[in-house]
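Coordinates in review
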Amino acid sequence: VQLVESGGGLVQPGGSLRLSCAASGFTFSSAGMNWYRQAPGKERELVAAISSAGVDTNYADSVKGRFTISRDNAKNTVYLQMNSLKAEDTAVYYCHAEVKIDRYRLTFYWGQGTQVTVSS
């Protein structure tokens, strides 16, 4: 199983970035996908989540209206479009997969993370 994030970098406040996470090694179209982030000295927090079919999405209050999670099951890729970025969005962003083992059990996978720095 691999989750490979890309698209992080340095951006000025008010700018935009689009993160991508390319997945392999599991049935992507059956997995719930999430983006987490962890800022220095803080706990890892859930930023956005999307259901396996892409119908349902959820966002942390701090990013609602600015971030959009989406997925392309044909490309096994999940995205996080981040607009109106703020300094407090600076963190390492992680892709996370929730994969069904069977009707009652899930297993979880993490990407290696990509750094997002918002600074002037």
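Here's a quick rundown of the structure. (Residues numbered from 1 in each chain as written. Predicted model: local features only at pLDDT ≥ 70, side-chain atom pairs only at ≥ 80, totals over all residues. Heavy atoms only, no water.)

The strand order across the open sheet formed by 4 strands is S1-S3-S8-S7, and the pairing between neighbours is antiparallel. With one partner strand each, in any of the chains shown, strand S1 (2-6) and strand S7 (67-72) form the two edges of the open sheet. For this sheet, the mean angle separating the axes of adjacent strands, direction not counted, is 15°. Examined bridge by bridge, strand S3 (residues 17-24) and strand S8 (residues 77-82) share 6 bridges and lie antiparallel to one another. Looking across to S8, one finds that Leu-17 is bridged to Met-82. (Pairing = 2+ DSSP bridges. Helix = DSSP H or I, 4+ residues; strand = E, 2+ residues; numbered from the N terminus. Axes fitted to C-alpha atoms, helices over the stretch in contact; angles between N-to-C directions.)

Now for the environment of Gln-112. Looking at the element boundaries, Gln-112 is found in the loop between strand S10 (106-110) and strand S11 (114-118). For the pair Gln-112 and Glu-5, spaced 107 residues apart in sequence, the C-alpha to C-alpha distance is 7.1 Å. Ignoring any residue separated from it by four or fewer positions in sequence, one finds Gln-112 in contact with Leu-3, Val-4, Glu-5 and Tyr-94. (Contact = heavy atoms within 4.5 Å.)

Tallied over the full model, the rule gives 4 aromatic pairs. Between Phe-26 and Phe-28 the ring centres are 6.4 Å apart and the planes differ by 45°, which places this aromatic pair in the tilted class. What makes Phe-28 buried here is its relative accessible area of 1%. Three or more aromatic residues joined by ring pairs make a cluster, and in this case those are Phe-26, Phe-28 and Tyr-109. For the cation-ring pair, Arg-18 lies above Tyr-79, with the distance from its terminal atom to the ring centre recorded as 4.0 Å. Stacked on the ring of Phe-28, the Lys or Arg Arg-71 has its end atom at 4.4 Å from the ring centre. (Phe/Tyr/Trp six-rings, centres within 6.5 Å; stacked < 30°, edge-to-face > 60°. Buried < 20%, exposed > 50% of the residue type's maximum accessible area, 1.4 Å probe, protein only. Lys NZ or Arg CZ within 6 Å of the ring centre and 35° of its normal.)

All we've got here are geometric facts, nothing functional implied.
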